[in-house]
Amino acid sequence: MGRSILVTGATGTVGGRVMAHLLRAGAGVRALTRTPADLPLGAERALGDLSEPGSLHDAVDGVEAVFLVWPFASADGLEAVLKVMAAHARRIVYLSSAAVREHERQAESLIERSGMEWTILRPHAFAANTLRWAGQVRAGDVVRGPYGQAAMSLVHEDDIAAVAVRALTEDGHAGAVHELTGPRSLTQAEQARIIGEAIGRPVRWEETDPREARREMLARGWPAGVVDGILRAQAEMTADAAPVTAAVAEVTAGAPRTFRSWADEHAHAFRAGARAARIHEYGSAEVIRHEEAPLPAPGPGEVLVRVAATSFNPSETGLRAGLLQAVLPVALPYTLGWDVSGTVVAVGAGVTRWSRGDRVIGRLDGGGAAAEYVAAPAAALAAAPRAIPPADAAAIPVAALTAWQAVFEHAEVSAGTRVLINGAGGGVGGFAVQLAKRAGATVIATAGPRSAGVVRSQGADRIVDYTAEPLPGGVDAVINLVGVDEGKAAELASLVRPGGVAVSIATPLPSPAATHFVTRNDPAQLAQIVALVDAGDLTVDVAESLPLSELASVHRRSEAGLTRGKIILIP
């Protein structure tokens, strides 16, 4: 299908996911909005109002298919809207419901007579409906409501979207009515328990009188007919569990997502806080606290990321000890963690590059990644590599950016360069060796016995055991990645031939030809690095993978010289 697909309800629970799935599939996407709205990168905005059919002509012009969410409790006006759509579009997919309420039944009938190829989606209970309990869960450990034993097969909005995208972009769905459910029925009490497991504390169900629930829903402004319909359906599902269908698997050729997976993805909505590794004062590793902190909210230009992992950078020991206050002042309490890999779960105002569900990595100059969730500047992020596990990707940002800038911008390594990399066994060193070798350089690398094998596998032409051998001179470039004393700094500077260059990210080297630099954050470079990882041209060596609760121990080991390579920490 070469033309665009119009998505109505594009900022809603299902419409937003349909738009995201279409963009990932490479389809042209046009989002219908009544007013200017924030949209993912690649989506075209089309202004129009479903209550005013005449406003839709420009929005539908050039459209091949339409995903229709009808937002009204009546089918009045839909016939005129369908006439405008049918004048341009060949195909329509309508989001109905398994309840097939009267206005939905009328809408389905009008769509079947519209002249377009039609597909109807009838999802059963949305997993997202449990968000109505979020306030109760944030406030305590109890969800109160009637009919706790009502069993329903909750469907993930991403499964609804996946089915919709198949019907919008593939032949073979004309005239189909897809009843969509999750993989199994769960009682409301079981749903509450699973939400508790996702947020890491028990949540139980407390039964209440249906009449009390009815009064509360009416007080919140729900129409009486809707309230009575919900309670009646719940009472029926107490006696007979809602059915489970195979439609998601049959259409998408993939297993439907479980409610547990949905709860894990949306755990932030049920939490008042999240676990984080923070310091409240400067000092030894003992000042690191693993504690509950306020859940961050994404501000303008930010996204909320569910952290898959962060990674340890030795310079964080200096920050923690208060040695970097002059160059990197922070407000206490401070959440550690400059590297992040994770999944976007919410977006702030003005963000167009990312949408919920996107996997991202980045360097966070303000820290905060040593936590379950972090609000990150959207502009600082790059798409995460697909070729490695999400947690492993946390080893990339700080270390790989530093190596890239040292090798290419400051040492200007190219084919034929003879380069000495001092500290090749560290996290930055592993990337520097690979990048220099990929540029065609002859790479001499210093590494101790614990690191030599890994450094050799990364492409070093010669390994020098700095504990037992002298360093070779006459090199075109020296890249120093570790702190050294004055004598060693002078020795490293003396190894460079006339006209060569010395580069250091740690102790400055005493030479007119020497450069000392601080890595800058560069998401465009990070995207290039990710492309190399996905192409198999750059490997990510994770020396250790530990729970975040071990961060203080990692700090102590690093200060004692007992760590190697990149260590990732998983919340």
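Computed from a predicted structure; not experimentally measured. For every chain, the first residue of the written sequence is number 1, and numbering continues from 1 onward in sequence order. Where totals are concerned, whole chains, interfaces and linings use all residues; where local detail is concerned, this predicted model gives features only for residues with pLDDT of at least 70, and gives and counts side-chain atom pairs only at 80 or more. Side-chain measures here rest on the full set of heavy atoms in the structure, leaving out hydrogens and waters.

### Digging into the overall build of the chain
Consideration 1: Only runs of H or I of at least four residues qualify as helices and only runs of E of at least two qualify as strands under DSSP, and these elements are numbered from the N terminus. A count of helices and strands for the chain gives 18 helices and 27 strands.
Consideration 2: Expressed along its principal axes, the backbone C-alpha trace of the chain runs to roughly 85 × 50 × 40 Å.
Consideration 3: Out of the 571 residues belonging to the chain, those deemed buried represent 52%.
Consideration 4: Contact between two residues is taken to exist if any of their heavy atoms lie within 4.5 Å; hydrogens are not considered. In the chain, of all internal contacts separated by at least 6 residues, the share reaching a separation of at least 24 is 71%.
Consideration 5: Areas reported here follow the Shrake-Rupley algorithm with a probe of radius 1.4 Å; residue values treat only the protein chains shown as occluding. Just so you have it, the chain exposes about 23,400 Å², and 52% of that area is on carbon and sulfur atoms.
Consideration 6: Put simply, the chain has 52 plus and 61 minus side-chain charges, and the middle of one group is 1 Å from the middle of the other. Burial status follows relative accessibility: with a 1.4 Å probe on protein chains alone, a residue under 20% of its type maximum counts as buried, one over 50% as exposed, and anything between as partly exposed. Under the counting rule used here, the positive set is Lys and Arg, the negative set is Asp and Glu, and His together with the chain ends is not counted. Throughout, a charge is located at the NZ atom of Lys, the CZ atom of Arg, the CG atom of Asp or the CD atom of Glu.

### Regarding the sheet that holds strand S25 (residues 514-516)
Consideration 1: Across the sheet, which stays open at both edges, the 6 strands sit in the order S22-S21-S20-S23-S24-S25 with parallel pairing between neighbours. At either end of the open sheet lies a strand with only one pairing partner, and these are strand S22 (462-464) and S25. The sheet shows a mean angle of 15° between the axes of neighbouring strands, taken without regard to direction.
Consideration 2: The rule for pairing is simple: two strands pair if DSSP sees at least two bridges between them. Where strand S20 (residues 418-422) lies against strand S23 (residues 475-480), 4 bridges are found, and the strand directions are parallel. By the bridge assignment for S23, Leu420 is matched with Val478. To define axes, lines are fitted to C-alpha atoms, for helices over the stretch in contact only, and angles between the resulting N-to-C directions are given on a 0 to 180 degree scale.

### Considering the pairing of strand S16 (residues 339-347)
Consideration 1: In terms of burial, S16 is a largely internal element, 7 of the 9 residues being buried.
Consideration 2: Examined bridge by bridge, strand S14 (residues 302-311) and S16 share 6 bridges and lie antiparallel to one another. Considered in S16, the bridge of Arg306 is made with Thr343.
Consideration 3: Two strands pair when backbone bridges link them, and S16 and strand S17 (residues 359-363) are joined in this way by 5 bridges, in the antiparallel orientation. Within S17, the residue paired with Gly342 across the bridge is Val360.

### Let's talk about the pattern of salt bridges
Consideration 1: By convention in these notes, a salt bridge is any Lys or Arg side-chain nitrogen within 4 Å of a carboxyl oxygen on Asp or Glu. Considering all chains together, one arrives at 37 salt bridges under this definition.
Consideration 2: Ionic pairing is found between Arg30 and Glu44, a salt bridge with its closest N-O pair at 3.3 Å. In this pair, Arg30 is assigned in strand S2 (residues 29-33) and Glu44 in strand S3 (residues 43-47), connecting sequence segments 14 residues apart.
Consideration 3: Exposure remark for Arg30: the relative accessible area of 9% places this residue in the buried category.
Consideration 4: On the basis of relative accessible area, Glu44 is assigned to the partly exposed category, the value being 38%.
Consideration 5: With a closest N to O distance of 3.1 Å, Glu206 and Arg144 form a salt bridge. Of this pair, Glu206 sits in strand S11 (residues 204-207) while Arg144 sits in strand S7 (residues 142-145), and the two are 62 residues apart along the sequence.
Consideration 6: For Glu206, a relative accessible area of 28% translates into the label partly exposed.

### As for the packing of helix H8 (residues 210-219) against helix H9 (residues 224-239)
Consideration 1: Relative to each other, H8 and H9 sit at 150°, their axes nearing to 10 Å. Relative to H9, the crossing made by H8 is right-handed. Judged by residue contacts, Pro210, Arg214, Met217 and Leu218 of H8 engage Ala224, Val227, Asp228 and Leu231 from H9.
Consideration 2: Of the residues belonging to the contact of H8 with H9, the class tally is 6 nonpolar, no polar and 2 charged. For a crossing to be left-handed, the near helix must be turned anticlockwise from the far one by less than a right angle; the clockwise case is right-handed. Here the term charged refers only to Asp, Glu, Lys and Arg, the term nonpolar to Ala, Val, Leu, Ile, Met, Phe, Trp, Tyr, Cys and Pro, and the term polar to all other amino acids, Gly among them.

### Structural notes on H9
One turn of the α-helix equals 3.6 residues, which is why residues spaced by three or four share an orientation.
Consideration 1: The span one expects for a helix is its residue count, reduced by one, times 1.5 Å. Taking 1.5 Å of rise per residue, 16 residues should cover 22 Å, and H9 covers 23 Å from first to last C-alpha, within 8% of that figure.
Consideration 2: Residues of H9 that are buried: Val227, Leu231, Gln234 and Met237. On an axial view of H9, the arc spanned by its buried residues comes to 125°, and they lie on one face. Of the exposed residues in H9, the ones pointing more than 90 degrees away from its buried face are Gly225, Glu236 and Ala239.
Consideration 3: Elements that come into contact with the buried residues of H9 comprise strand S8 (151-152), helix H7 (188-199) and H8. Our arc is simply the arc of the directions from the helix axis toward the C-beta atoms.

### Section: the packing of aromatic side chains
Consideration 1: A pair of Phe, Tyr and Trp rings is counted when the ring centres sit within 6.5 Å of each other, with Trp represented by its six-membered ring. The angle between the planes then sorts it: under 30 degrees is stacked, over 60 is edge-to-face, the rest tilted. Inspection of the entire model under this criterion finds 5 aromatic pairs.
Consideration 2: Consider the rings of Trp70 and Phe72, whose centres lie 4.9 Å apart with planes at 80°: the pair is edge-to-face.
Consideration 3: The partly exposed category is assigned to Phe72, whose relative accessible area is 31%.
Consideration 4: Centroid distance Trp404 to Phe408: 4.9 Å. Interplanar angle 70°. Geometry classified as edge-to-face. Of this pair, Trp404 and Phe408 both sit in helix H13 (residues 397-410), 4 residues apart, which is roughly one turn of the helix.
Consideration 5: As a reminder, the over-ring test applies to NZ of lysine and CZ of arginine, requiring each to be within 6 Å of the ring centre and within 35 degrees of the ring normal. Across from the ring centre of Trp354, 3.9 Å away, lies the NZ or CZ of Arg353, which sits over that ring.

### Notes on the side chain of Asp465
Consideration 1: Considering the arrangement of structural elements, one finds Asp465 in the loop between S22 and S23.
Consideration 2: Lacking a salt bridge, the buried Asp465 has Arg456 as its closest oppositely charged neighbour, with an N-O distance of 9.7 Å.

### A few points about the pairing of strand S12 (residues 273-279)
Consideration 1: Taken across its 7 residues, S12 has 6 buried, putting it largely inside the fold.
Consideration 2: Where S12 and strand S13 (residues 288-294) come together, 7 bridges link them in antiparallel fashion. Note on S13: the bridge partner recorded for Ile279 is Ile288.
Consideration 3: Taken together, the 2 bridges between S12 and strand S15 (residues 334-335) define a ladder with antiparallel strand orientation. Its bridge partner being in S15, Arg278 is matched across the sheet by Thr335.

### What about the nonpolar core?
Consideration 1: Counting residues in hydrophobic clusters, the biggest one holds 50 residues, and the most contacted among them are Ile396, Val419 and Ile421.
Consideration 2: If you list the elements that add at least two residues to this core, you get H13, S20, helix H14 (427-438), strand S21 (442-446), helix H15 (452-457), S23, strand S24 (496-504) and helix H17 (523-534).
Consideration 3: With residues up to four places along the chain from it excluded, the contact list for Val419 reads Val413, Ala436, Ala441, Thr442, Val443, Ile444, Ala477 and Ile479. The set of buried Ala, Val, Leu, Ile, Met, Phe, Trp, Tyr and Cys residues whose side-chain atoms join them within 4.5 Å is what this entry labels a nonpolar core.

### Description of the side chain of Thr208
Consideration 1: By secondary structure assignment, the location of Thr208 is in the loop between S11 and H8.
Consideration 2: Taking relative accessible area as the criterion, Thr208 reaches 11% and is therefore assigned buried.
Consideration 3: The residues touching Thr208, leaving out its near neighbours within four places in the chain, are Arg144, Gly145 and Pro146.

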